[in-house]
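Architecture and fold: a report
In case you want the letters, here they are:
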Amino acid sequence: MDKAKPAVTRAFDFAKDFVKGGHKKGKRSTKDQLIEKSEFRIFLVALRQRLEYLQAFAQIDVGGDGHIEL
């Protein structure tokens, strides 16, 4: 699960920014640290995509070192 945490974080940020119509600089308010109903579908789509990328990378990374070689 530790490897998936960045994917979850990026999907969360994407959903928040997508619904708000752009990236807000600075610290999030308490309300912005929760996914709202209007953001949930966007979050799930973004999370699925990022987890698929993570899985594809793991299959290509035959050395298991976090790098893809020629």
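Notes on the structure follow. Here, residues in each chain are numbered from 1, in the same order as that chain's written sequence. Selection of residues for local features in this predicted model requires a pLDDT of at least 70, selection of side-chain atom pairs for listing and counting requires 80 or more, and totals for whole chains, interfaces and linings are taken over all residues. Side-chain figures throughout are based on the complete set of non-hydrogen atoms in the structure, without hydrogens or water.

Helical segments are the DSSP runs of H or I of at least four residues, strand segments are the runs of E of at least two, and each set is numbered from the N terminus. Within the chain one finds two helices and zero strands. Should any heavy atoms of two residues lie within 4.5 Å, those residues are considered in contact. Partitioning the contacts of the chain with sequence separation of at least 6, the portion at a separation of at least 24 is 41%. Of the accessible surface of the chain, which amounts to about 5900 Å², a share of 59% is contributed by carbon and sulfur atoms. Note on areas: Shrake-Rupley, 1.4 Å probe, and residue coverage restricted to the protein chains presented here.

A separate point is the packing of aromatic side chains. Side-chain rings of Phe, Tyr and Trp, where Trp is taken by its six-membered ring, are said to pair if the distance between their centres is within 6.5 Å; with planes under 30 degrees apart they count as stacked, over 60 as edge-to-face, and otherwise as tilted. Per the counting criterion, the structure on display carries one aromatic pair. For a lysine, the NZ atom is tested; for an arginine, the CZ atom; a charge sits over a ring if that atom is within 6 Å of the ring centre and within 35 degrees of the ring normal. Lying across the ring of Phe-14, Arg-50 places its NZ or CZ 5.2 Å from the centre.

Residues Phe-14, Phe-18 and Val-19 make up a contiguous nonpolar surface patch of about 270 Å² in total accessible area. Structurally, Phe-14 is set in helix α1 (residues 5-20). Each patch is built from residues lacking any salt bridge and having more than 30% relative accessible area; the joining distance is 9 Å for like charges and 5 Å for nonpolar side chains (Val, Leu, Ile, Met, Phe, Trp, Tyr). A carboxyl oxygen of Asp or Glu within 4 Å of a side-chain nitrogen of Lys or Arg is what we treat as a salt bridge.

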